[in-house]
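So the chains spell out like this:
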Amino acid sequence: MPQVEGNQIMNTPFSYRPSTRLDVTSRDDLAMAEIRQRVVGLDVKVPLLDGSKRPYVNLDNAATTPALWDVLETLDLFMPWYSSIHRGKGFKSEISSEAYDDAREIVGRFFGADMSSQVVIFVKNTTEAVNKAARRIGLNKDDVVLLSLMEHHSNDLPWRAQATVVHLALRPDGSLDVDDVRVKFEQYGQRVKLLAVSGASNVTGYINPLHELAELAHSYGALIMADAAQLAPHRGIHIRPAGDPGHLDFLVASAHKMYAPFGTGVLIGPRKIFLEGAPDYSGGGTVEIVTEDAVYWAGPPDREEAGSPNVVGAVAMAAACKALTEIGMDRLAAHEADLTRYALTELHKIEGIEIYGDADPANASNRLGVIPFNLHGMSHYLVAAVLSHEYGIGVRNGCFCAHPYVLHLMDIPEPVAWSWRKQVVAGMRAHLPGLVRISFGCYNTKEEVDWLVQALHNIAAGEIAGAYEQDRASGAYSERTFHPELEQYFKL
Ligand SMILES: Cc1ncc(COP(=O)(O)O)c(C=O)c1O
């Protein structure tokens, strides 16, 4: 049994899943309580400025999600068998090799990959997956890659290095202008080799019509890549068979956003592309045979997974895929839509709030529970600090690695943006425009939304207990007297 000391849980073995009594009155409550029981760390309390402690409310799931107990329990069972894979001949190596191969199958199946024509490559995260795709597709600087303006920098910068990037227009509300996709295909013709779009925005939660875009791309002879980093933990995704016009050629995702934070991501793509040429990283595991002056590359996925792979991360990702399937992606989506509808309705009641993107609660089923906002006249840095220090609520603020998109949403004129950029380059982020973002996971509740809304009502009314000061370099606010000792909570 773990030793529980106050707020601290000492030497907790992975296999310890707290079995609190489910105190529920309805079927909905029961379903929610069951989901919450699968998520690690929801019982953890954090210190507040007034000296009290309260359960942490994590509304930053778009950045990363907590782990599922299902994942930790799988690792708990796997770790005694963990060993070198593929080239090891011991019994444990055989078990580990099989677990790694099975993980590939399970993750591929989770996304509906067409295993006859596609390959599932394990990487570190979505960023690495996009970089690998950008280097391996065989682009040159004349080739055009179409990207939406809502992309995360991770699905933008890697393409700039390899090809000519053309951004697709947005509608005034920040959603993708699908008509402009056709216009750009007409304009750039055969030069367009790839359309790379996010399945869902990490800023507004807008969901893009991936299969419709895929049909369009294919009709112009181009490929499509879906950045599923945000979409994957919230909606069932199906790549579809290669012959289907709406088929997704590439898909990238991160396990740490899917309740399995163990350093793995995935790149799924056409096998034939990875049969061509040298890998972006070479070394152990990528070859059939090496002579003093020649290399015979291995087939994919081995060619693309240089060095010792993250077997534990792959097993964790597969365990998360299994757990999410068991919980039911439709069930998760319905719960998150309900929560988003409720949150938008309640947020609208806050004096001076401006919600960006689609703020209509009636559309909650068509988007993710990612809601960006500002409180009138208040710095996004300050709102985030007060939510954390006085209410124990974790949110994110700033531009969320999507600078052009946030400037578009905030309607910031270019000369103003230019002066801010100059300040940032000079080491001063204090006046950087930005937003506060809340983002739901499958386990968040209406009670947590109520706590957030109450906090925002108070903050908007100027009821801030602490004395906050801003660090001009980073822009972050901290409360003068609030210095909780982090080592009390976790120390290596
Ligand atoms: C839409 C989108 N794409 C890509 C990424 C990058 O993911 P990672 O940091 O796991 O590489 C993120 C991260 O927030 C994202 O939201």
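Scope of this entry: the structure provided in the associated data block. (Residues numbered from 1 in each chain as written. Predicted model: local features only at pLDDT ≥ 70, side-chain atom pairs only at ≥ 80, totals over all residues. Heavy atoms only, no water.)

Moving on, we come to the sheet that holds strand β15 (residues 353-355). Across the sheet, which stays open at both edges, the 4 strands sit in the order β15-β16-β19-β18 with antiparallel pairing between neighbours. In the strand order of this sheet, the two ends are held by β15 and β18 (396-398), each with one partner. Taken over all neighbouring pairs, the strand axes of this sheet differ in orientation by 30 degrees on average, direction set aside. (Pairing = 2+ DSSP bridges. Helix = DSSP H or I, 4+ residues; strand = E, 2+ residues; numbered from the N terminus. Axes fitted to C-alpha atoms, helices over the stretch in contact; angles between N-to-C directions.)

This part covers the nonpolar core. Counting 83 residues, the largest nonpolar core has Phe-111, Phe-185, Leu-195 and Met-258 as the members making the most contacts within it. The element contributing the most residues to this core is helix α8 (residues 311-327), with 13 residues. Residues in contact with Leu-195, not counting those within four places in the same chain, are Leu-146, Leu-168, Val-181, Phe-185, Leu-213, Ala-217, Leu-223, Ile-224 and Met-225. Leu-59, Ile-355, Phe-373 and Val-436 belong to the second-largest nonpolar core, a separate cluster that totals 34 residues. (Core = buried A, V, L, I, M, F, W, Y, C linked by side-chain atoms within 4.5 Å. Buried < 20%, exposed > 50% of the residue type's maximum accessible area, 1.4 Å probe, protein only. Contact = heavy atoms within 4.5 Å.)

Next up on the list: the site of the ligand. Taken together, 13 residues sit near the ligand, with Thr-127, Asp-227, Ser-254, His-256 and Lys-257 positioned nearest. One of the backbone nitrogen or oxygen atoms of Thr-126 is found 3.3 Å away from an oxygen atom of the ligand. Here an oxygen atom of the ligand sits 2.5 Å away from a polar atom, N or O, in the side chain of Thr-127. Coverage of the ligand by the protein amounts to 89% of the 390 Å² it exposes when considered alone. (Near = heavy atom within 4 Å. Polar contact = N/O pair within 3.5 Å; in protein donor to acceptor, adjacent residues only side chain to side chain. Areas by Shrake-Rupley, 256 points an atom, 1.4 Å probe, with all protein chains shown as cover.)

The grouping of Glu-98, Asp-101, Asp-102, Glu-105, Glu-288 and Asp-302 at the surface amounts to a negative patch. The element best represented in the negative patch is helix α3 (residues 91-110), accounting for 4 residues. By secondary structure assignment, the location of Glu-98 is in helix α3. Given a relative accessible area of 51%, Glu-98 falls into the exposed group. (Patch = residues over 30% accessible without salt bridge, like charges linked within 9 Å, V, L, I, M, F, W, Y side chains within 5 Å. Salt bridge = Lys/Arg side-chain N within 4 Å of Asp/Glu carboxyl O. Lys, Arg positive; Asp, Glu negative; His and termini not counted. Charge placed at Lys NZ, Arg CZ, Asp CG, Glu CD.)

We now examine the environment of Gly-285. Mapping Gly-285 onto the fold places it in the loop between β12 (265-270) and β13 (287-290). It is 9.1 Å that separates the C-alpha atoms of Gly-285 and Pro-309, two residues lying 24 residues apart in sequence. Leave out the neighbours within four places in its chain, and Gly-285 touches Arg-87, Ala-298 and Asp-302.

So, on to the packing of helix α2 (residues 69-78) against α8. Put simply, α2 and α8 touch, their axes get as near as 8 Å, and they point 135 degrees apart. With respect to their mutual orientation, α2 and α8 come out oblique. Crossing handedness for the pair α2 and α8: right-handed. Of the residues in α8, those in contact with Asp-70, Val-71, Thr-74, Leu-75 and Phe-78 of α2 are Val-311, Val-312, Val-315, Ala-316, Ala-319, Ala-320 and Ala-323. In terms of residue class, the contact of α2 with α8 is built from 10 nonpolar, 1 polar and 1 charged. (Parallel < 35°, antiparallel > 145°, perpendicular 65-115°, else oblique. Left-handed = near helix turned anticlockwise from the far one by under 90°. Nonpolar A, V, L, I, M, F, W, Y, C, P; charged D, E, K, R; others polar.)

By way of backbone hydrogen bonds, the strands of a sheet pair with one another, either parallel or antiparallel. Taken in spatial order, the 7 strands of this open sheet run β6-β12-β11-β10-β9-β7-β8, and their pairing is mixed. Lying at the two open borders of the sheet, with one neighbouring strand each, are β6 (118-123) and β8 (164-168). With strand direction ignored, the average angle separating the axes of adjacent strands in the sheet is 20 degrees. Inspection of the sheet shows strand β7 (residues 144-148) paired to β8 by 5 bridges, in the parallel sense. Residue pairing for β8: Ser-148 is matched across the bridge by Leu-168. Packing against the sheet, helix α6 (residues 178-188) makes contact with β7, β8 and β9 (192-198), and its axis sits at approximately 150 degrees to β8.

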